[in-house]
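# Structural features, examined
Spelled out, the chains give:
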Amino acid sequence: MANIMTDKNEKAQAKATRSLKATSQKPAKKGSSSPLLNAPAVRFMRDAYYELRYKVTWPTFPEARNMTFAVIALSVALAIVLGGVDLGLTKLMQLIVLK
C-alpha cells in the first residue's frame, strides 16, 4: 500500500515539475503580462490551486469513509462521557443544596 502511495506521489510530483518547467521556459513578451495576473491575490489563488492539485495526497473513498465513521464514533463516545459527568455533577449539586 505504501508503494502505491509513493508511486502516486512520485508521478504527481514529476508531472508538476514538468508543468512548472514548461511554464518557466516560455519567453516573456514585453507588454503581454497583465499586472492583474501578477497581483498577490491572483498569485495566491494560482499557488493554492497548484498545491491542492499536485501536492496534496487525497484519501481514497474507503479511507475517507472509515475516518468519518471513526469521528462519528468518537463524538458519540465523548457525548456519553460528558453527559454522564454532567448528570453526576447535577446530582451532587442537588445533594449539597437540598441538605
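Let us look at the overall build of the chain. Secondary structure summary: the chain contains 3 helices and 0 strands in total. Put simply, the chain runs from its N terminus to its C terminus through helices and strands in the order α-α-α. Counting across all 99 residues of the chain, residues that qualify as buried make up 2%. For the chain, the accessible area works out to roughly 9000 Å², and carbon and sulfur atoms hold 68% of it.

The full count for this structure, using the stated rule, is 1 aromatic pair. Relative to Tyr54, the ring of Tyr50 lies with its centre 5.4 Å away and its plane at 45°, an arrangement referred to as tilted. Taken together, the positions of Tyr50 and Tyr54, both in helix α2 (residues 40-55) and 4 residues apart, correspond to about one turn of that helix.

Glancing now at the confidence of the model for the chain. Counting all residues, the mean pLDDT for the chain is 82, and 68% of those residues have values of 70 or more. For the chain, helix α1 (residues 2-24) is the element with the lowest average pLDDT, namely 61, and helix α3 (residues 61-98) is the one with the highest, namely 97.

In this section: a nonpolar patch on the surface. There is a patch of nonpolar side chains on the surface, built from Val81, Val85, Leu89, Leu92, Met93, Ile96 and Val97 and spanning about 670 Å² of accessible area. When you line up the elements, Val81 lands in helix α3.

Thresholds applied
Residues numbered from 1 in each chain as written. Predicted model: local features only at pLDDT ≥ 70, side-chain atom pairs only at ≥ 80, totals over all residues. Heavy atoms only, no water. Helix = DSSP H or I, 4+ residues; strand = E, 2+ residues; numbered from the N terminus. Buried < 20%, exposed > 50% of the residue type's maximum accessible area, 1.4 Å probe, protein only. Areas by Shrake-Rupley, 256 points an atom, 1.4 Å probe, with all protein chains shown as cover. Phe/Tyr/Trp six-rings, centres within 6.5 Å; stacked < 30°, edge-to-face > 60°. pLDDT = per-residue confidence, 0-100. Patch = residues over 30% accessible without salt bridge, like charges linked within 9 Å, V, L, I, M, F, W, Y side chains within 5 Å. Salt bridge = Lys/Arg side-chain N within 4 Å of Asp/Glu carboxyl O.

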